[in-house]
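Single-letter residue listing:
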Amino acid sequence: MMSIRRVISKIERNYIINNLKNEERIDGRGLWDYREWKIKHNLVASAEGSADVCLGDTRVITGLKYEVGEPFPDIPDEGVCTVMAELLPLASPLFERGPPDEQSIELARVVDRGIRHADCIQTKKLCIKENEAVYILFVDIYVINYSGNLIDAGGISALTTLISSHIPEGKWVDDHVEWTGGYITGETIVKELPIVLTFGKIGDIIFIDPSLPEELICDGKISISVTKDKVTSIQKSGAATFSIDDIQMLNKKAMELGNLLRDNLNLWQYKVNIE
Amino acid sequence: MTLLIKDEYPEKLFREDGKRLDGRDLKELRPIKLEVGILNNADGSAYLEWGNNKIFAAVYGPREVHPHHLAKPDKGILRVFYRMATFSVFERKRPAPGRREKEISMIITDCLEPVLFLELYPGTSFEVFIDVIEADGGTRCASTTVAALALADAGIPMKSLVTSVAVGKIDGKIVVDLSGIEDKAGEADLPCAITWFNEEISLLQFDGDMDLNELDTFLKLAKDALKEIYEMQLNALKSKYITIQEKYNGGQVKQ
Amino acid sequence: MENDELDSEEFEDFEDEEFTRDLVVPGEILTEDIENFLPGRGTILNEKKDKIISLNIGLKKITKNYINVIPLRGFYTPRPGDKVIALIVDKNPVKYRCDINAKDFAILKPKNTYKRSKIKTRGRIEKDIGDTSTEKYSIGDILITKIISADRLNMPELTTVGKYLGKRSNGIVISIDTPKIPRVIGRSGSMIKLLKNLTKCHIFVTQNGRIWLKGEDLAHEKLLIDAIKKIEKEAHTVGLTDRMSEYIENEKKKRGIN
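Since we're looking at a predicted model, the values are computed, not measured.

It is worth spelling out the overall build of chain A at this point. The secondary structure content of chain A amounts to 6 helices and 12 strands. For chain A, whose C-alpha radius of gyration is 20 Å, the value lies close to the compact-globule estimate of 19 Å for 275 residues. Counting all 275 residues of chain A, 51% fall into the buried class. The long-range fraction of contacts in chain A, counting pairs at least 24 apart against all pairs at least 6 apart in sequence, stands at 70%.

The next subject is the overall build of chain B. Looking only at helices and strands, chain B has 4 helices and 10 strands in total. Across chain B, helices and strands are ordered from the amino to the carboxyl terminus as β-β-β-β-α-β-α-β-β-α-β-β-β-α. For chain B, whose C-alpha radius of gyration is 19 Å, the value lies close to the compact-globule estimate of 18 Å for 255 residues. Summarising its shape, the C-alpha atoms of chain B cover approximately 55 × 50 × 40 Å along the three principal directions.

Looking now at the interface of chain B and chain A. Contacts between the two partners involve 29 residues from chain B, matched on the other side by 33 residues from chain A. Elements with a minimum of two residues in the side of chain B that touches chain A: β3 (53-63) and β5 (125-134) of chain B. Class assignment for the residues of the side of chain B that touches chain A results in 18 nonpolar, 7 polar and 4 charged.

This paragraph deals with the interface of chain C and chain A. The interface is formed by 18 residues belonging to chain C together with 14 residues belonging to chain A. Those elements that provide at least two residues to the side of chain C that touches chain A are β8 (83-92), β16 (172-175) and α3 (218-234) of chain C. The dominant element in the side of chain C that touches chain A, judged by the number of residues it contributes, is β16(C), at 4 residues. A breakdown of the residues in the side of chain C that touches chain A according to their chemical character gives 8 nonpolar, 5 polar and 5 charged.

The next point concerns the sheet that holds β16(C). Residue and element names in this part refer to chain C. Ordered in space as β16-β18-β17, the 3 strands form an open sheet in which the pairing is antiparallel. A single partner strand is all that each edge strand has here, and the edge strands are β16 and β17 (202-205). Taken pair by pair, the neighbouring strands of this sheet meet at an average axis angle of 20°, ignoring direction. Of the pairings in the sheet, the one linking β16 to strand β18 (residues 210-214) comprises 4 bridges and is antiparallel in character. Pairing of Val173 across the sheet is with Trp212, part of β18.

So, about helix α2 (residues 102-116) of chain A. Residue and element names in this part refer to chain A. Given a rise of 1.5 Å per residue, 15 residues ought to cover 21 Å, and the 20 Å separating the end C-alpha atoms of α2 matches this to within 8%. Turning to α2, its buried residues number three or more, namely Ser104, Leu107, Ala108, Val110, Val111, Asp112, Gly114 and Ile115. Packing partners of the buried residues in α2 comprise β4 (80-87), β6 (133-145), α3 (150-163), β9 (195-202), β11 (220-226) and β12 (231-237).

A separate point is the sheet that holds strand β6 (residues 58-63) of chain C. All names here are of chain C. Taking strand neighbours across the sheet as the criterion, the 4 strands line up as β1-β6-β7-β3 in an open arrangement whose pairing is mixed. Edge positions in the open sheet fall to β1 (23-24) and β3 (38-39), since each of these has one partner strand only. Two strands pair when backbone bridges link them, and β3 and strand β7 (residues 66-71) are joined in this way by 2 bridges, in the parallel orientation. The residue of β7 that forms the bridge with Leu38 is Tyr66.

All names here are of chain B. One can find Glu127 in strand β5. Owing to 23 C-beta atoms within 10 Å, Glu127 belongs among the buried residues under this scheme. Through-space distance from the C-alpha of Glu127 to that of Leu151 is 9.5 Å; in sequence the pair is 24 residues apart. Not counting residues up to four positions away in its chain, the partners in contact with Glu127 are Tyr60, Gly61, Arg79 and Phe81.

All names here are of chain A. Where α2 meets α3, the axes come as close as 9 Å, and the angle between the chain directions of the two elements is 50°. If you check the angle between α2 and α3, you find them oblique. Once α2 is placed against α3, the crossing between them reads as right-handed. Together, Leu107, Val110, Val111, Gly114 and Ile115 of α2 and Leu150, Ile151, Gly154, Gly155 and Ala158 of α3 make up the contact between the two elements. Across the contact of α2 with α3, the residue classes break down as 7 nonpolar, 3 polar and no charged.

In this section: the nonpolar core. B:Ala147, B:Ala150 and B:Leu151 are the most contacted members of the largest nonpolar core, which has 157 residues in total. Ignoring sequence-local partners within four residues, the contact set of B:Leu151 consists of B:Gly44, B:Val59, B:Leu112, B:Val128, B:Ile156 and B:Met158. In this structure, A:Ile26, C:Ile144, C:Ile172 and C:Ile192 belong to the second largest nonpolar core, which totals 55 residues.

Right, let's get into the pairing of β11(A). Residue and element names in this part refer to chain A. Summarising burial for β11: 6 of the 7 residues are buried, a large majority. Two elements, β9 and β11, share 7 bridges in a ladder whose sense is antiparallel. Residue pairing across strands places Ile195 opposite Val226, the latter belonging to β11. Where β11 and β12 come together, 6 bridges link them in antiparallel fashion. In the sheet register, Ile224 faces β12, and the bridge partner there is Ile234.

Here we come to the packing of helix α1 (residues 99-112) of chain B against helix α2 (residues 139-153) of chain B. Residue and element names in this part refer to chain B. Across the interface, α1 lies against α2 with an axial gap of 10 Å and an inter-helix angle of 50°. When the axis of α1 is compared with that of α2, the two are oblique. The interaxial crossing formed by α1 with α2 has right-handed handedness. Where α1 approaches α2, its residues Ile104, Ile107, Ile108, Cys111 and Leu112 are matched on the opposing element by Arg140, Ser143, Thr144, Ala147, Ala148 and Leu151.

Residues and elements named next belong to chain B. Averaged over chain B, the pLDDT score is 93; the fraction of residues at 70 or greater is 97%. Looking at the elements of chain B, mean pLDDT is at its lowest for helix α4 (residues 214-249), recorded as 90, and at its highest for strand β2 (residues 44-50), recorded as 98. Taken as a whole, residues 251-255 scores under 50 in pLDDT and shows 8 contacts with residues more than four places along the chain or in a different chain. In the predicted assembly, ipTM is 0.94 and pTM is 0.93.

Right, let's get into the environment of B:Met158. By secondary structure assignment, the location of B:Met158 is in the loop between α2 and β6 (162-170). A count of 27 C-beta atoms within 10 Å places B:Met158 in the buried class. Apart from the residues within four sequence positions on either side, B:Met158 is in contact with B:Val115, B:Leu116, B:Leu151, B:Ala152, C:Pro26, C:Gly27 and C:Leu55.

This part takes up helix α6 (residues 244-265) of chain A. Residue and element names in this part refer to chain A. An ideal rise of 1.5 Å per residue puts 32 Å on 22 residues; α6 measures up with 31 Å between its terminal C-alpha atoms. Within the span of α6, buried status applies to Leu250, Ala254, Leu257, Gly258 and Leu261. For α6, the buried positions fall inside an angular range of 125° around the axis, keeping them on one side. Turned more than 90 degrees from where α6 packs its buried face, Asp245, Gln248, Lys252 and Asp263 sit exposed. If you follow the buried residues of α6, they end up packed against β9, β10 (205-208) and β11.

Moving on, we get to the pairing of strand β9 (residues 200-204) of chain B. Residue and element names in this part refer to chain B. Note that strand β8 (residues 188-195) and β9 share 4 bridges and pair antiparallel. Bridged to Thr195 within β9 is Glu200. Count of turn residues in the β8/β9 antiparallel hairpin: 4 residues, of which Glu199 carries a positive phi of about 50°.

Now for unusual backbone geometry. In most cases, non-glycine residues show a negative phi, while peptide bonds are predominantly trans. Put simply, B:Gly61 and B:Pro62 share a cis peptide bond, and its omega is -5°. Each neighbour pair has its own omega, and for B:His66 with B:Pro67 the value is -5°, a cis peptide bond. Within the fold, B:Pro67 resides in the loop between β3 and β4 (77-84). In this model, A:Glu23 sits at a positive phi of 60°, which is unusual for a non-glycine residue. Positive phi values are uncommon outside glycine, yet A:Asp174 reaches one of about 55°. On the basis of neighbour counts, which here come to 5 C-beta atoms within 10 Å, the residue A:Asp174 falls in the exposed class.

What counts, and where the lines are drawn
- Residues numbered from 1 in each chain as written.
- Chains lettered and ligands numbered in written order.
- Predicted model: local features only at pLDDT ≥ 70, side-chain atom pairs only at ≥ 80, totals over all residues.
- Helix = DSSP H or I, 4+ residues; strand = E, 2+ residues; numbered from the N terminus.
- Rg over C-alpha atoms; globule rule 2.2 N^0.38 Å.
- Buried ≥ 20, exposed ≤ 12 C-beta atoms within 10 Å, placed from the backbone.
- Contact = placed C-beta atoms within 7 Å.
- Nonpolar A, V, L, I, M, F, W, Y, C, P; charged D, E, K, R; others polar.
- Pairing = 2+ DSSP bridges.
- Axes fitted to C-alpha atoms, helices over the stretch in contact; angles between N-to-C directions.
- Expected span 1.5 Å × (residues − 1).
- Parallel < 35°, antiparallel > 145°, perpendicular 65-115°, else oblique.
- Left-handed = near helix turned anticlockwise from the far one by under 90°.
- Core = buried A, V, L, I, M, F, W, Y, C linked by C-beta atoms within 7 Å.
- pLDDT = per-residue confidence, 0-100.
- Arc of directions from axis to C-beta.

Take a look at the structure:
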């Protein structure tokens with residue numbers, strides 16, 4: 001399409017809408033098809049887990065770093081995982097440099113919430129010594145190329161990073177932590193695999209995985225995180241309104257398509273073994 | 001905040017067999033892989049792997065200057081933004097740009113500017129974004145080398161490419177292309193860059209101690225390494241087009 | 001509706017068979033024989049004035065005694081007379097601001113959106129009728145325009161008055177690398193004619209890297225877009241026109257369209 005501008009031309013908008021009315025999308029996909037996924041894991045040696053994920057032309061590189069610190073007083077036997085996201089200027093002329101803006105904060109928070117409530121990260125296994133020392137995990141998402149739907153790409157990228165993790169194992173000796181010489185890996189840290197699926201709405205038509213032109217003209221989006229049998233988080237954005245029927249339909253669709261995607265991607269293949 | 005494994009430097013930087021810790025000879029470069037035009041939203045882009053360094057570079061320009069008061073009426077401005085990912089180094093780096101990143105940004109700007117014709121683009125800006133995904137010694141040299149490719153890929157007229165490498169001294173011996181460990185534990189580190197149109201130095205820094213006659217040795221070694229890396233840059237720029245030409249011309253491409 | 005004006009010798013850039021197809025890069029020495037050659041487009045004499053070097057990544061082309069480099073990558077520089085596809089991004093009561101894929105936005109004044117008509121009233125002076133408001137177009141409109149002026153100090157100015165110019169209300173616009181545009185037109189329009197005939201689409205190619213197209217349905221339009229992307233990728237090779245003909249015919253079979 002025409003290269004990215006903040007103003008989208010009317011004919012491009014009409015082009016996309018007219019084709020959607022025939023249930024056709026301009027890149028040939030159906031309403032419920034994802035673009036192609038390409039996943040690489042453990043590519044950054046300085047990180048304790050990493051993933052390079054492409055969804056169509058959208059590309060996201062995520063890395064994991066750890067620290068050992070004191071737990072929060074209200075959860076003395078649990079570790080902590082925080083998600084941060086940066087929309088790098090090299091990903092799009094629409095991204096300005098500077099501190100995280102609304103879009104990057106939304107990306108980080110939606111991915112974070114999708115993981116947090118789904119029994120994904122076993123935070124009790126991230127405890128070294130109750131009240132004294134726990135792991136603090138930093139999952140940092142960098143958007144390398146923007147071509148629509150950062151949330152789903154970010155979600156899979158974060159999940160793959162956690163699965164590929166290999167963090168030095170600590171033990172409590174007297175009054176401090178020491179390295180056991182071993183590692184705790186994604187197999188220990190990750191249990192459930194919540195998948196976040198983003199749907200776009202243009203006019204009355206709803207579809208999955210908005211590409212760049214679709215995202216720039218869409219009236220609204222809704223992202224739904226699902227495990228095998230539960231919905232774990234929902235985020236609606238944009239000015240469009242969704243009917244209750246639509247929302248119920250989308251929850252079902254998300255579960256169905258989420259299970260499909262989880263099986264297709266087979267993310268557990270990305271776990272890492274370290275002696 | 002603590003880490004369980006400490007970042008320790010080995011006692012010796014040479015092995016029993018006389019090679020460096022990663023198996024290299026004194027003058028040997030780490031493996032370098034360059035790719036041009038990998039990001040389709042930027043005007044020009046390139047990706048580099050140099051040893052364990054992994055760096056993306058992207059260029060936008062000529063375009064309007066933001067904030068507007070920085071625009072110059074008689075020439076364009078070049079700005080380079082060098083940033084490292086939090087997970088690119090052993091101990092997690094804070095996301096916000098630090099002093100080292102700002103210093104390196106400035107040095108790379110000064111290094112690339114001589115090859116551009118900024119006087120032809122008054123009131124506009126050229127911006128180079130460099131993002132280091134993994135760092136392992138010599139990142140400013142690697143960044144300069146990949147940034148030059150991104151500028152060429154953007155179709156911006158250039159007097160020539162720019163190539164950069166670091167030479168230094170470890171355990172008393174003068175070597176080319178210091179890895180992360182060699183950089184931290186060695187005695188001297190001299191990153192430099194050459195602009196090929198006049199074969200002069202556009203980036204030069206030095207840390208450590210050196211005798212007056214050692215500078216000559218350093219720079220001679222650097223020149224040889226720079227020529228080697230330059231060939232790789234040229235190949236990277238051309239290879240995308242040559243592969244396609246060969247496919248359709250039946251291999252009759254003149255070089 | 002379609003391009004039929006080929007008013008620049010640049011359109012012959014990629015088609016000339018004398019083309020060496022030597023791929024050169026910035027700083028590459030094109031010749032040291034400065035007695036017999038002069039630096040042409042995309043080249044420069046070095047500081048010592050004993051070599052001609054390339055400024056861009058591109059194809060070396062020798063015309064008479066000028067050495068030129070036809071760039072393969074680059075941004076669009078507005079020139080008077082160029083036809084460009086403009087997107088209106090802003091407007092105020094006295095002018096439209098347009099994106100033309102260049103470093104500056106371009107200005108379209110209302111007086112350049114209407115053909116001048118004169119009213120003859122008996123005995124009195126002829127009066128110009130021309131709208132002076134910006135009611136005609138809105139933000140988001142795609143216009144095929146011509147550049148009437150472009151210089152270093154001012155934003156380029158556009159007009160929509162002229163043959164084939166004006167607003168497009170249907171179809172789609174795509175962008176390709178600006179330097180590849182001549183290849184989409186081809187020598188004497190050979191490539192664009194081929195594309196039109198084989199895909200049965202209307203197509204308008206402009207100098208700022210943008211192409212407007214409209215086909216009988218989505219499938220034909222998609223085929224044309226894929227064909228143009230292929231031209232963009234292989235612009236620097238020989239025999240492209242024949243290859244495109246073959247490609248489109250094969251794709252039509254594969255996709256089940258005619």
